[in-house]
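Structure assessment
Chain by chain, the residues run as shown.
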Amino acid sequence: MNFEGLDPGLAEYAPAMHSALDPVLDAHLNPSLLQNVELDPEGVALEALPVQESVHIMEGVYSELHSVVAEVGVPVSVSHFDLHEEMLWVGSHGGHATSFFGPALERYSSFQVNGSDDIRQIQSLENGILFLTKNNLKYMARGGLIIFDYLLDENEDMHSLLLTDSSTLLIGGLQNHILEIDLNTVQETQKYAVETPGVTIMRQTNRFFFCGHTSGKVSLRDLRTFKVEHEFDAFSGSLSDFDVHGNLLAACGFSSRLTGLACDRFLKVYDLRMMRAITPLQVHVDPAFLRFIPTYTSRLAIISQSGQCQFCEPTGLANPADIFHVNPVGPLLMTFDVSASKQALAFGDSEGCVHLWTDSPEPSFNPYSRETEFALPCLVDSLPPLDWSQDLLPLSLIPVPLTTDTLLSDWPAANSAPAPRRAPPVDAEILRTMKKVGFIGYAPNPRTKLRNQIPYRLKESDSEFDSFSQVTESPVGREEEPHLHVSKKYRKVTIKYSKLGLEDFDFKHYNKTLFAGLEPHIPNAYCNCMIQVLYFLEPVRCLIQNHLCQKEFCLACELGFLFHMLDLSRGDPCQGSNFLRAFRTIPEASALGLILADSDEASGKGNLARLIQRWNRFILTQLHQDMQELEVPQAYRGAGGSSFCSSGDSVIGQLFSCEMENCSLCRCGSETVRASSTLLFTLSYPDGSNSDKTGKNYDFAQVLKRSICLDQNTQAWCDNCEKYQPTIQTRNIRHLPDILVINCEVNSSKEADFWRMQAEVAFKMAVKKHGGEISKNKEFALADWKELGSPEGVLVCPSIEELKNVWLPFSIRMKMTRNKGLDVCNWTDGDEMQWGPARAEEEHGVYVYDLMATVVHILDSRTGGSLVAHIKVGETYHQRKEGVTHQQWYLFNDFLIEPIDKHEAVQFDMNWKVPAILYYVKRNLNSRYNLNIKNPIEASVLLAEASLARKQRKTHTTFIPLMLNEMPQIGDLVGLDAEFVTLNEEEAELRSDGTKSTIKPSQMSVARITCVRGQGPNEGIPFIDDYISTQEQVVDYLTQYSGIKPGDLDAKISSKHLTTLKSTYLKLRFLIDIGVKFVGHGLQKDFRVINLMVPKDQVLDTVYLFHMPRKRMISLRFLAWYFLDLKIQGETHDSIEDARTALQLYRKYLELSKNGTEPESFHKVLKGLYEKGRKMDWKVPEPEGQTSPKNAAVFSSVLAL
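Once a new chain begins, its residue numbering starts again from 1 and follows that chain's sequence as written. Whole-chain, interface and lining totals are the exception, using all residues; otherwise, since this is a predicted model, local features are given only for residues with pLDDT of at least 70 and side-chain atom pairs are given and counted only at 80 or more. Side-chain metrics in this entry use all non-hydrogen atoms of the structure; hydrogen atoms and water are not considered.

Reading across from one edge, S24-S25-S26-S27 is the order of the 4 strands in this open sheet, with antiparallel pairing throughout. Both edges of this open sheet fall to strand S24 (289–294) and strand S27 (323–325), since each of them pairs with a single strand only. Averaged over all neighbouring strand pairs, the angle between strand axes comes to 25°, with direction disregarded. Here the rule is simple: two strands pair whenever DSSP picks up at least two bridges between them. In this description a helix means any DSSP run of H or I spanning at least four residues, a strand means any run of E spanning at least two, and both kinds are numbered starting from the N terminus. Sheet analysis places strand S26 (residues 308–312) next to S27, joined by 3 bridges and oriented antiparallel. Note on S27: the bridge partner recorded for Cys309 is Phe324. With axes taken as lines fitted to C-alpha atoms, and helix axes fitted only over the stretch in contact, angles between N-to-C directions fall between 0 and 180 degrees.

Here it is in structure tokens:
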């Protein structure tokens, strides 16, 4: 409300004058109101005023029901009916807030909001109340607790607020702007300029925002842009109040007279349909407040400051008989409000009294109010004393209130871990006397413990605590971080993001080789190490890349695309986003628990060792199934079945499959034999008690043979006996695989102790064997890693460090016997000299397998652990990447790649480095397979294809596919642009110095890809404009920047040319393989999100063509305006427009630089560009008539074609 025209005496009011009121009666107070009212020394009434029981309310006619003192002598500045509960809120000039419950006005809460300023507006929300003072917005619970306190600029003078939705608030005042506040983040999101300053009243309908100004004007503003749509010049002096209902706006105010401002008795009424004034309404009171009270008709309530109230229709005549009087204690009414139900009116006067008028004896403030919570009575005196020294004292004696809110003791999952009580070990007497029948054991009860009872222990003893899954305490001391014993190169690596994202991150610091690492920030990237293992198997790399089928989500196809990127990379990291996208869509992966939530992956909650072993089995099975489909795809002509496959089997089956005979012998004598095959084996460890400290020696070959030729007793169905019987099951090998895959299954302390014990025994035997020839230190530096794989290496005898924690052999020898048996033994180079080369023995069923890769689980409590791989990279890979011929072991830890000594690949310190997967390959494996890669992608992928969208019509086509005579050649130009949507929002944290640190970038997905012809008669006409269908949930379509709208990617309702990501990916892959040059703006990010690796000589990026070193990058919009005089990207981005503009900019670059022959003259052009950009603040002036490449003649030719 505007107070300029009120009693001048109020302007001199100072809250400090009333800070110490004596408990005496004010001269203006009616003594009958203060019966039984007790005043405290602060001068505040402590109880509500009583109301006589004889008050009679006539139905349908407003009469006074109650009066109450909010704060004695302090004027009421604002009143507000709660929109959620049956409460009335009152704010005073002293900054104090008081709430009253129900029509009886029982005092509910009372608290100080501001110490010096008056409360100017109150707004109720679901969880609390908003209070607006001069330069402060405070959100408080109904009981008085502060939820947030938002300080505005001290120069602000706020008067009004408007809640536009549940989380957005507008605040206006005497300044020339209106602030928009986001209540979720408690931050200012917008600042709207106001042409006429002084916004003291705001209202909202479904068409406009209405702003009342101190100058007497009312402006109507657009709900979206907040721009002025219309303006009413209501009063010449000042505006007092206005209200809107339906198509009518009514206002009251002050007019300018010779003596100053005078209250105008004419209400101005406006018709919002025609945007003009209708006949003013003359009233018989001096209007200071007005409200529409639309019960049966659109009644107006007009109230004067002296207490007169008149009801009338806004389009009729005012009747003096409709006037009633409010009897204020003070001389003036200061505030007025109407309840949401229109059954109650509230008035506040200048002496701190509140008057409630209703039209029924039992009114309700809201149509549907929720129940109000009241403070519970104190229960302390009635509770029995509790003796905490008694362990068996039931805690249920303490009454706890029933609540739906989160308790303080309910820790979030990120800060707590479930710690179930471990089952006690089985009594040794039970184990000694137990008899097994099948797989069930029976034993007499030794009666050493009470029946159905277990002793309660707060702390478990060390001997019963299985600490294998925990990281041992650092030997340095408790103050040291527990991960320090993990070698630095084995720790989990993370990417530090900056404002430029990944552009300034130094990947070369982690990888000085020419092999490509894999980025870890993608969901379910825990399998990066296994992808590298499969890639460095030369037959797998070649055969997978020869595969292509028409399935949309085929893991073999996506893995082949990823291998192609790893081939092209020269040390730059790649990401498996498309492969992992397809992986997440496989139902079997989800059923096996291989799809991790982001929170579980970041915190390391899942058991990574078990997870990667399940993933290993899943990927081999899935690749085997995908490559068994030998039908020729129709969508991708020329991508027929591989020449390496035989009917009924796949190349994966030929490489990994082991054919077996499973024999089941029942005790009745019947034997059942069935043939089967497996793609991998799981180690089965010998049975033994942990108490056996003698350290019995087992060769790895013994354990492996036991795991392959597994003999076990189990219950099985016997057809002869026609029931389940104990059977002896044996497994015989018929054919050995070319690649032997082993899951180690070290999942508990028992298996870890076995590996540790065998490594200690092997170490003692090696020391004894070599005698005094072992050196204490290594005789060479790891920096000289190129010499490590050569036969002329300087290492003669191993050092002590190299022999520690080693049980795994580098080679094993396997021989098939005539009676279907299998002999397995460890194999060394000395054995080869004794027995002869392995190639000659293969004719007799003897095979030598060499260790090729080990995948290990790194235990690190601080980071949650990680998975890394040791891989022996073969000669062919070094020949392609480095031009040298040798073999070398490397550590692959996501994007960290480092050469290592071969002994490090088989050293497992079980305290932090646990083996998970082993890969052994037959010697001379590569010579058994044709390793030529024939690109299965043919030019036919660029021809016309059908859209997935059901509603797509020819009239909506925005591109013309290439004809056969237009097929691109090497060196041709292609304009490219892509648009993206967001799948997961960015995760960031705010540092103490106010800077933002990106923890995890937003996950983007390509939504539209456009390719434009770069030469020929149809130059500038797109030949690819594909919208990419996605099955994943999109959190932000980024419409302002991408032009993608909800529904564009939905095949059911989209009108665009919709296709799969794989289909468009194949088109781009063909263009890359054929050698075209891509022209675009910011192509590095486009290719990164599409998940393509493009050679640098095939990319012409206008971001870098028009860039000076150590200067900012320039937007395409500014470059187009400066060089081409084009105004693009008006409201949204369009990929056709951007790709065509980038082509034109490249032509301009060639023109200005004389085809790159005059760099000095082009440097001057760039200096002029940057000078102009700084002057313009890099903003393009607003266009008078929008001009863009879409309106050019070339676009009309598209429509003509």
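Here the narrative resumes, following the displayed structure.
Turning next to the UniProt feature "binding site: a divalent metal cation" (unreviewed entry) in the chain. UniProt positions are given in the numbering used here, feature names are shortened, and annotations may be inferred rather than shown by experiment. Within the UniProt annotation, "binding site: a divalent metal cation" (unreviewed entry) is assigned to Asp977, Glu979, Asp1086 and Asp1138. Considering the C-alpha atoms alone, the annotated residues occupy 162 residues of sequence yet fold into one spot, their largest mutual distance being 12.7 Å. For Asp977, the position within the fold is in strand S46 (residues 973–984). Note on exposure labels: buried denotes an accessible area under 20% of the residue type's maximum, exposed denotes more than 50%, and partly exposed covers the range between, all computed with a 1.4 Å probe on protein chains only. Residue Asp977 is classed as buried on the basis of its relative accessible area of 8%. Mapped onto the elements of the fold, Glu979 is located in strand S46. Exposure remark for Glu979: the relative accessible area of 5% places this residue in the buried category. Among all residues touching Glu979, those that are not within four sequence positions of it are Ser1005, Val1006, Ala1007, Arg1008, Tyr1041, Ser1042, Ile1044, His1133, Asp1134, Ser1135 and Asp1138. The contact rule is simple, with two residues in contact once any of their heavy atoms fall within 4.5 Å.

A few words on the packing of aromatic side chains. The rule is short: rings of Phe, Tyr and Trp, with Trp giving its six-membered ring, pair when the centres are within 6.5 Å, and they are stacked under 30 degrees, edge-to-face over 60, tilted in between. Within this structure, the stated rule accounts for 51 aromatic pairs. With a centroid separation of 6.1 Å and 70° between ring planes, the pair formed by Trp89 and Phe131 is classed as edge-to-face. Here Trp89 is found in strand S3 (residues 87–92), whereas its partner Phe131 is found in strand S7 (residues 129–132), with 42 residues between them in sequence. With relative accessibility at 0%, the residue Phe131 sits in the buried group. Taken together, the ring pairs connect Phe1106, Phe1118, Trp1121, Tyr1122, Phe1123, Tyr1146, Tyr1149, Phe1162, Tyr1170 and Trp1178 into an aromatic cluster. Taking the ring centre of Phe235 as reference, the NZ or CZ of Lys268 above it sits at 4.8 Å. Positioned over the ring face of Tyr847 is Lys922, at 3.8 Å from the centre of the ring. Only Lys NZ and Arg CZ are tested; either one counts as a charge over a ring when it is within 6 Å of the ring centre and within 35 degrees of the ring normal.

Moving on: the pattern of salt bridges. Throughout this description, the term salt bridge denotes a Lys or Arg side-chain nitrogen within 4 Å of a carboxyl oxygen of Asp or Glu. Summed over all chains, the structure comprises 33 salt bridges. For Arg880, the salt bridge is made with Glu538, and the minimal N-O distance between the two is 3.3 Å. With Arg880 in helix H16 (residues 875–882) and Glu538 in helix H4 (residues 538–545), the pair connects residues that are 342 residues apart, well separated along the chain. Relative accessible area serves as the criterion here: at 38%, Arg880 is assigned to the partly exposed category. The partner of Arg1069 in a salt bridge is Asp1073, with the nearest N and O atoms 3.2 Å apart.

Turning our attention to the sheet that holds strand S30 (residues 353–358). Spatial strand order, S1-S30-S29-S28: 4 strands in an open sheet with antiparallel pairing. Each edge of the sheet is formed by a strand with only one pairing partner; in this case those strands are strand S1 (63–69) and strand S28 (333–338). Direction aside, the axes of adjacent strands within the sheet are offset by 20° on average. Pairing geometry for S28 and strand S29 (residues 344–349), over 5 bridges, is antiparallel. Bridge assignment links Leu333 to a residue of S29, and that residue is Asp349.

Along the chain, the position of Ser77 falls in strand S2 (residues 76–81). The class for Ser77 is buried, based on a relative accessible area of 9%. The contact partners of Ser77, leaving out residues within four places of it in the chain, are Gly91, Ser92, His93, Ile119, Met334 and Thr335.

Let us now look at a nonpolar patch on the surface. Patch rule: a residue counts if its relative accessible area is over 30% and it has no salt bridge; like charges are joined within 9 Å, and nonpolar side chains (Val, Leu, Ile, Met, Phe, Trp, Tyr) within 5 Å. In this description, accessible areas are obtained by the Shrake-Rupley approach with a 1.4 Å probe, and a residue is regarded as covered only by the protein chains that are shown. Among the surface-exposed residues, Trp388, Leu395, Ile398 and Val400 lie close enough to one another that they form a single nonpolar patch of about 480 Å² accessible area. Mapped onto the elements, Trp388 comes out in the loop between S30 and helix H2 (428–433).

Quick look at H16 now. Here H16 has its buried residues at Tyr877, His878 and Lys881. For H16, the arc enclosing every buried residue in end-on projection is 95°, short of the 170-degree limit, so these residues lie on one face. Along its buried surface, H16 packs onto helix H3 (528–535), H4, helix H5 (555–568), strand S42 (866–873) and strand S43 (888–893). Once H16 ends, the next one or two residues include Gly883, with phi positive near 75°. The directions from the helix axis to the C-beta atoms form the arc being described.

Turning our attention to the packing of H5 against helix H9 (residues 608–626). Across the interface, H5 lies against H9 with an axial gap of 8 Å and an inter-helix angle of 105°. It follows from the interaxial angle that H5 and H9 lie roughly perpendicular. Packed against H5, whose contacting residues are Leu555, Ala556 and Leu559, the element H9 presents Phe618, Ile619, Gln622, Leu623 and Asp626 at the interface. Here the contact of H5 with H9 is composed, by residue class, of 6 nonpolar, 1 polar and 1 charged. Angular relationships are summarised with four words: roughly parallel below 35 degrees, roughly antiparallel beyond 145, roughly perpendicular across 65 to 115, and oblique for the angles in between. The residue classification treats Ala, Val, Leu, Ile, Met, Phe, Trp, Tyr, Cys and Pro as nonpolar and Asp, Glu, Lys and Arg as charged. All others, Gly included, are polar.

Further remarks concern the state of the cysteines. The bond known as a disulfide is covalent and runs between the sulfur atoms of two cysteines. The criterion for a disulfide is a pair of cysteine sulfur atoms lying within 2.5 Å. A complete count under the given rule lists 0 disulfides for this structure. Take Cys312: it sits in no disulfide, and the sulfur closest to it among the cysteines is that of Cys309, at 9.7 Å. Under the relative-accessibility criterion, Cys312 is labelled buried at 6%.

Of note, the phi angle at Glu745 is positive, near 55°, even though the residue is not glycine. Inspection of the secondary structure assignment puts Glu745 in the loop between strand S38 (739–743) and helix H12 (749–770). The residue Asp1125 is not glycine, and still its phi comes out positive at about 55°. Assignment of secondary structure puts Asp1125 in the loop between helix H21 (1116–1124) and helix H22 (1135–1152). Classification of Asp1125 as exposed rests on a relative accessible area of 58%.

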